[in-house]
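Remarks on the overall topology
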Amino acid sequence: MAQYSARERLIASVLSSTPRLKSVVKRCYILLNYAIHRKSYNYRLLISGTAIHIVEPTSKDHETFFGYYDKSPDNGSFIIFNETALSTSKKPNADKPLMINILNQDTGKAQTIAATHSYNWQQGCRTQWIDQNQFIYNDFNGQKYVCNLFNVAIGSVVKTFGHPVQDAFQDHYFLAVNYRRIMRLRPDYGYRNLARLSDADMMDMTHDGIWKVDFKSAQSELIVTLDEVASLQPRESFDGTHHKVNHVMISPRGDRFIFIHRWYRSGRRFDRLVLSDFHKLTVLSDNEMVSHMCWVDNDTLFGYLRHENRDGFYFINLVDGSFKSCEPLNNLSYGDGHPSCHEDWIVVDSYPDKSRMQHLTLYNWKTQEIKPLLEVFQPVGFLGESRCDLHPRFSSDGRRIYFDSVFGGSRRLCYIDIAND
């Protein structure tokens, strides 16, 4: 198993203070290791009696994917997926639409039902079901980014909101962030329809942050400002830097949410994990690195971050603020990954190892059982903004795991059945 060693990860961490140099060194090192460690297969299933099922595009020349790991394309009856005529090994193009397709699981038929010009390869257009018959997605109306509500039974958009969605709580409300700020600081998750914010706009933190939008009334309110976030337990490194919030995740009961506060100094990124109960903000983790999180239940978070100078997967107890290391996953030495939870099970992926293989693993957080699921190949042509993380997500009934992959040379939404394993 060609995993990166602790020493290699330490070197990467040191190089973080010089991002451009790190990018060059990383690319050269990836190519060298791939030449040495490459495998003879594109994927390998590690569970018996299953196969990789591929959600095919409507045109053989197109590519498909869903998006981020925190939402499922499956509502039990339909599968939503994105389709593009562009090569996803290149950067997105705002002049070319991303098609939003829906697949009827009873008939097996798919059709294009909408399109958007606001998207990226990592998160798509933030498509997400809000009930059994409706989903939302981001778009551009010619002047600003918006969120559309699509009704499957009617077959059209029934409402448009003046803010783009980041995360939604059922059909009650959604939370929005500034994708122009994100585009300026991290294009991987931004949209390209509007010019990037100016330096003056970036320094205005009293009119930017997180908005709450009511689905019924469509009224919006700026509930967290960047100024409030930067005033919370401030650090010296805050001075004169650009700040953003991203990766907003609402709790299962909808009464609180988390987000990552990030700021950049001399090209180096710093992270904090922050909790809001809609009344006050609480810093949960402030050790310079927070990566991918998920809710296990309304009082428990799980994710990859730095705690007591050790990077790894941790559980965070929101009742007492304690951290617990997830040794079964950390002992695999895969490093960072994207976790999703369904009842007692967490599925997590990995970034490519030296042979460019990504790993998918099931973990039972109650019994501590580990189940390796598969490994798939990511070609070296998919790097940086065009990379294809697996971003695993459970189906609504927990019987399938969906993931995006480029093991066949083009991006595809895939799934495996785990019900009989």
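These figures come from a predicted structure and were not determined experimentally.

A separate point is the overall build of the protein chain. In terms of regular secondary structure, the protein chain is built from six helices and 29 strands. Relative to the globule expectation of 22 Å for 421 residues, the C-alpha radius of gyration of the protein chain, 20 Å, shows essentially globular dimensions. Over its C-alpha atoms, taken along the principal directions, the protein chain stretches across nearly 55 × 55 × 40 Å. Across the 421 residues of the protein chain, 56% fall into the buried class. Within the protein chain, contacts between residues separated by at least 24 positions form 51% of all contacts whose residues are at least 6 apart in sequence. With the model as given, the accessible surface of the protein chain reaches about 18,200 Å², and the carbon-plus-sulfur share is 48%. Here the protein chain contributes 49 positively and 48 negatively charged side chains, and the mean placements of these two sets differ by 6 Å.

Notably, Gln233 is not glycine yet its phi reads approximately 45 degrees, a positive angle. Secondary-structure assignment places Gln233 in the loop between α5 (226–231) and β15 (242–250). In the Ramachandran plot, Ser333 falls in the positive-phi region, its phi being about 60 degrees despite a non-glycine side chain. Relative to the assigned elements, Ser333 resides in the loop between α6 (327–330) and β23 (339–342). Classification of Ser333 by relative accessible area gives partly exposed; the value is 41%.

Moving on: the pairing of strand β21 (residues 310–317). In this structure, strand β20 (residues 300–307) lies alongside β21, joined through eight bridges in antiparallel fashion. Across the sheet, the residue bridging to Tyr304 is Phe313, located in β21. Between β20 and β21, which pair antiparallel and follow one another directly, the connecting turn spans two residues, one of which, Glu308, has a positive phi of 50 degrees. Judged from the three bridges that link them, β21 and strand β22 (residues 323–325) form a sheet pairing that is antiparallel. Residue pairing for β22: Tyr314 is matched across the bridge by Ser325. Connecting β21 to the antiparallel partner β22 that follows it, the hairpin turn spans five residues, and Gly321 within it adopts a positive phi of roughly 75 degrees.

Summed over the entire model, instances satisfying the criterion amount to 28 aromatic pairs. Judged by centre distance (5.8 Å) and plane angle (90 degrees), the ring pair of Tyr173 and Phe278 falls under edge-to-face. Residue Tyr173 is located in strand β12 (residues 173–176), and its partner Phe278 is located in the loop between β17 (268–276) and β18 (281–288); the two are separated by 105 residues in the primary sequence. The partly exposed category is assigned to Phe278, whose relative accessible area is 27%.

Right, let's get into the nonpolar core. Ile210, Phe257, Ile258, Phe259, Leu273, Met293 and Leu301 are the most contacted members of the largest nonpolar core, which totals 43 residues. Counting residues per element, this core draws most heavily on strand β16 (residues 257–265), at five residues. Apart from the residues within four sequence positions on either side, Ile210 is in contact with Leu175, Ala176, Val177, Glu221, Leu222, Ile223, Val224, Val245, Val248, Phe257 and Phe259. Listed in part, the 19 residues of the second largest apolar core include Tyr34, Leu360, Phe407 and Ile416.

Residues Tyr29, Leu32 and Ile36 make up a contiguous nonpolar surface patch of about 300 Å² in total accessible area. Looking at where Ile36 falls in the secondary structure, it is placed in helix α2 (residues 19–37).

What follows covers the sheet that holds β17. As summarised here, the arrangement of the four strands in space is β15-β16-β17-β18, forming an open sheet in which the pairing is antiparallel. In the strand order of this sheet, the two ends are held by β15 and β18, each with one partner. Here the strands of the sheet are splayed against their neighbours by 25 degrees on average, with no regard to which way each runs. Where β17 lies against β18, five bridges are found, and the strand directions are antiparallel. Counted as the bridge partner of Ser276 is Leu281 from β18.

Pairing within the open sheet is antiparallel, and its four strands lie in the order β7-β8-β9-β10. The sheet is open, and its two edges are formed by β7 (128–129) and β10 (156–161), each paired on a single side. In this structure, strand β8 (residues 134–140) lies alongside strand β9 (residues 145–151), joined through seven bridges in antiparallel fashion. Looking at the pairing, Asp139 lines up with Val146 of β9.

Turning to the pattern of salt bridges, a few remarks are in order. If you walk through the whole model with that rule in mind, you get 22 salt bridges. Among the ionic pairs, Arg181 bridges to Asp208, the shortest N-O distance being 2.6 Å. Residue Arg181 is located in helix α3 (residues 179–185), and its partner Asp208 is located in the loop between α4 (199–203) and β13 (209–214); the two are separated by 27 residues in the primary sequence. Like Arg181, the residue Asp208 is buried in the burial classification. Residues Arg192 and Glu385 are paired through a salt bridge, measuring 2.7 Å at the closest nitrogen-oxygen approach. A residue pair is termed long-range when its members are at least 10 positions apart, and Arg192 in the loop between α3 and α4 and Glu385 in the loop between β26 (370–377) and β27 (393–394) qualify at 193 residues. A residue is classified by how much of its surface remains accessible, and Glu385, at 14% relative accessible area, is buried. One salt-bridge network, held together by shared partners, links Arg186, Asp188, Arg387 and Asp389.

About the thresholds
- Residues numbered from 1 in each chain as written.
- Predicted model: local features only at pLDDT ≥ 70, side-chain atom pairs only at ≥ 80, totals over all residues.
- Heavy atoms only, no water.
- Helix = DSSP H or I, 4+ residues; strand = E, 2+ residues; numbered from the N terminus.
- Rg over C-alpha atoms; globule rule 2.2 N^0.38 Å.
- Buried < 20%, exposed > 50% of the residue type's maximum accessible area, 1.4 Å probe, protein only.
- Contact = heavy atoms within 4.5 Å.
- Areas by Shrake-Rupley, 256 points an atom, 1.4 Å probe, with all protein chains shown as cover.
- Lys, Arg positive; Asp, Glu negative; His and termini not counted.
- Charge placed at Lys NZ, Arg CZ, Asp CG, Glu CD.
- Pairing = 2+ DSSP bridges.
- Phe/Tyr/Trp six-rings, centres within 6.5 Å; stacked < 30°, edge-to-face > 60°.
- Core = buried A, V, L, I, M, F, W, Y, C linked by side-chain atoms within 4.5 Å.
- Patch = residues over 30% accessible without salt bridge, like charges linked within 9 Å, V, L, I, M, F, W, Y side chains within 5 Å.
- Salt bridge = Lys/Arg side-chain N within 4 Å of Asp/Glu carboxyl O.
- Axes fitted to C-alpha atoms, helices over the stretch in contact; angles between N-to-C directions.

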